[in-house]
Amino acid sequence: GTMDNRGAMKGSGDLNAYKNINDLPTPRDLMIQVDQKHEAILLPVHGSMVPFHIATVKSVTSQQDTNRTCYIRIIFNVPGTPFNPYDSNSLKYQGSIYIKEASFRSRDPRHSSEIVQQIKTLRRQVTSRESERAERAT
Amino acid sequence: MADGHLFNNISLGGRGGTNPGQLRVHSGGIVWKKQGGGKAVEVDKADISGLTWMKVPRTNQLGVISKEGLKYKFTGFRDQDVSSLTTFFQTACGITPEEKQLSVSGKNWGEVDLNGNMLSFLVGSKQAFEVSLADVSQTQLQGKNDVMLEFHVDDTTGANEKDSLMEISFHIPNSNTQFVGDENCP
């Protein structure tokens, strides 16, 4: 009914990691960061830290080559992705362009594996909470 | 100091990270020098095609767009610097800086805007990020709907970021009408 529609709208339309610019963590090193409190990841792009809400993240992987250089690959949810709790209203944004993937080279193998774990954990927490919420709503 | 303003602790951002330095804005243009020497950026007044201000976390960012289409981003201005510099640019250069807003919503959908050398990703008319097309080494069309940008790997001494963006891809649904029929541009 009407309530359900409003709920779906809330899921997608209210996706807001930060309300205020100064809520972003103080820029430290230009490296991938996880902000647990705001459920966001921050990616260094062209000298700035760019936030992405964890709900936009589909998966994250890392890889290490023979020179101990690490690669971190983040794949985002785009329309057509199965099971995406925030995507239920994607029709509303059908004129949009989506960031699908971002790959980084990391100089620090330890940071790289830590950050991948942190992103995975945060994603799991938020996804399970959201699906519980959706279940309760039905 | 009859002519111009001097600012310490102004960093120049771009591919490879940010570098601290000193910025002088005078009636002839702008000069930025890296702390400890080395890199310098100089843009003559006649070569400035546009100026932007953007509020970024805890400080302000000045964008200087050159007639060649390059954009330099200087960060570290206090609010009072913004108003005094705006007045200065208006009187000395006849340019009123454009105010831009930063998107911090964390959405991965929005619009792509190509302007000169810069590709901006906008979320609800606010800018989420910008990359310079000069840093793009290759673009690839993947399937019918995805465009991948590969960036030059910066191994120079100026690079001070720990994690460097190597590739980013954009998904353009069929329903998007902005870039129909132009396969060279995302």
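### Describing the overall build of chain A
For chain A, the helix and strand inventory stands at two helices and six strands. In sequence order, the secondary structure elements of chain A are arranged as α-β-β-β-β-β-β-α. Per-residue burial over chain A gives 47% buried out of 138 residues. Relative to all contacts within chain A whose residues are 6 or more apart in sequence, the contacts with residues 24 or more apart total 52%. Carbon and sulfur atoms make up 48% of the accessible area of chain A, which amounts to about 7,500 Å² in all.

### Brief notes about the sheet that holds strand β1 (residues 33–35) of chain A
Residue and element names in this part refer to chain A. Read across the open sheet, the three strands follow the order β1-β2-β3; overall the sheet is antiparallel. Looking at the sheet topology across the chains shown, the edges are occupied by β1 and β3 (48–53). Averaged over all neighbouring strand pairs, the angle between strand axes comes to 30 degrees, with direction disregarded. Those strands touched by helix α2 (residues 109–137) are β1 and β2 (40–45), and its axis lies near 30 degrees from that of β1.

Rules used throughout
- Residues numbered from 1 in each chain as written.
- Chains lettered and ligands numbered in written order.
- Predicted model: local features only at pLDDT ≥ 70, side-chain atom pairs only at ≥ 80, totals over all residues.
- Heavy atoms only, no water.
- Helix = DSSP H or I, 4+ residues; strand = E, 2+ residues; numbered from the N terminus.
- Buried < 20%, exposed > 50% of the residue type's maximum accessible area, 1.4 Å probe, protein only.
- Contact = heavy atoms within 4.5 Å.
- Areas by Shrake-Rupley, 256 points an atom, 1.4 Å probe, with all protein chains shown as cover.
- Pairing = 2+ DSSP bridges.
- Axes fitted to C-alpha atoms, helices over the stretch in contact; angles between N-to-C directions.

Function cannot be read off these values alone, since they describe shape.
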